[in-house]
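Residue-level listing of the chains:
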Amino acid sequence: MELSHLDAKNRPAMVNVGGKAVTRRTAHAVAVVALPPELAALLQGGDIATKKGSIFQTAILAGVMGAKRTAELIPLCHPLPLEDCQIEIEANPKGEVTIHCRVQTEAKTGVEMEALTGATVAALTLYDMGKAVSHGIVIREIRLLEKTGGKRDYRAQ
């Protein structure tokens, strides 16, 4: 198997999608963030309110914005018109926050990077807004859970 983003001379190259068919593309990524006890103690009603505003609501907006700007951040990503981007944030009693980013479009290439970027930017925003309370926030896991469309579908085990 060879890497798709390298040309015949092993130089970075954008994948040519000119001959591919436009299909429905979806992706679902997740980021797991561990909150230190002093920040987790501020969780009430599924969010944390600070002087900067609602942490989760701000992270949701940032995640959507990040997903839409993926091609500006990742050099070889194609710019894609996202038809939908949904960010959901869930907190559990153990002080963990799970950020889900689901995206979809009709395009010649997939939206995995957009979903991963959306989840990551939301997690980084949570860190930025929570660091006034503690720098002990840990972004533990960012991964693709599912993608559909293109050559093959994928679902994490």
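Structure first, text after, so check above.
Residues numbered from 1 in each chain as written. Predicted model: local features only at pLDDT ≥ 70, side-chain atom pairs only at ≥ 80, totals over all residues. Heavy atoms only, no water.

Draft legend 1. How the structure looks around a nonpolar patch on the surface. Together, Leu73, Ile74 and Met113 make up an exposed nonpolar region whose accessible area comes to about 240 Å². Positionally, Met113 belongs in helix H4 (residues 112–130). Taking relative accessible area as the criterion, Met113 reaches 33% and is therefore assigned partly exposed. (Patch = residues over 30% accessible without salt bridge, like charges linked within 9 Å, V, L, I, M, F, W, Y side chains within 5 Å. Areas by Shrake-Rupley, 256 points an atom, 1.4 Å probe, with all protein chains shown as cover. Salt bridge = Lys/Arg side-chain N within 4 Å of Asp/Glu carboxyl O. Helix = DSSP H or I, 4+ residues; strand = E, 2+ residues; numbered from the N terminus. Buried < 20%, exposed > 50% of the residue type's maximum accessible area, 1.4 Å probe, protein only.)

Draft legend 2. Fine view of the environment of Ala123. Within the secondary structure layout, Ala123 lies in helix H4. Look at Ala123 and you get buried, because its relative accessible area is 0%. Separated by 92 residues in sequence, Ala123 and Ala31 have C-alpha atoms that sit 6.7 Å apart. Those residues within four positions of Ala123 in sequence are excluded, and the remaining contacts are Ala31, Val33, Ile99 and Ile139. (Contact = heavy atoms within 4.5 Å.)

Draft legend 3. Local environment of the sheet that holds strand S4 (residues 84–91). Here we have five strands laid out as an open sheet, ordered S4-S5-S1-S6-S7, and antiparallel in their pairing. If you trace the sheet from one side to the other, it starts and ends with S4 and strand S7 (154–155), each paired once. Sheet analysis places S4 next to strand S5 (residues 96–107), joined by eight bridges and oriented antiparallel. Its bridge partner being in S5, Gln86 is matched across the sheet by Arg102. (Pairing = 2+ DSSP bridges.)

Draft legend 4. Summary view of the side chain of His28. Along the chain, His28 turns up in strand S1 (residues 23–34). For His28, a relative accessible area of 11% corresponds to the buried category. Within the local environment of His28, its side chain forms a polar contact with the side chain of His100, the two groups lying 2.8 Å apart. When neighbours within four sequence positions are excluded, His28 is seen to be in contact with His100, Cys101, Arg102, Ala115, Leu144, Leu145 and Glu146. (Polar contact = N/O pair within 3.5 Å; in protein donor to acceptor, adjacent residues only side chain to side chain.)

Draft legend 5. Broad picture of the nonpolar core. Among the nonpolar cores identified, the biggest contains 31 residues, and Val33, Leu35, Val97, Ile99, Val103 and Leu126 are the most heavily contacted of them. Breaking this core down by element, the ones donating at least two residues are S1, helix H1 (37–40), helix H2 (55–68), S4, S5 and H4. The biggest single contributor to this core is H4, with seven residues. (Core = buried A, V, L, I, M, F, W, Y, C linked by side-chain atoms within 4.5 Å.)

Draft legend 6. Quick look at the pairing of strand S6 (residues 138–148). Relative to S6, S1 runs antiparallel, the two sharing nine bridges. When the bridges of S6 are listed, Val30 appears paired with Arg143. As paired strands, S6 and S7 are joined by two bridges and run antiparallel to one another. The residue of S7 that forms the bridge with Glu146 is Arg155. Linking S6 back to S7 in an antiparallel pair, the connection comprises five residues, with Gly149 at a positive phi of about 95°.

Draft legend 7. Geometry of the pairing of S5. Taking burial as the measure, the 12 residues of S5 include nine buried ones, the bulk of the element. Note that S1 and S5 share 12 bridges and pair antiparallel. For Thr23, the partnering residue across the bridge sits in S5 and is Ala107. Remark: four residues form the turn of the hairpin made by S4 and S5, two consecutive strands paired antiparallel; Gly95 in that turn has positive phi of roughly 85°.

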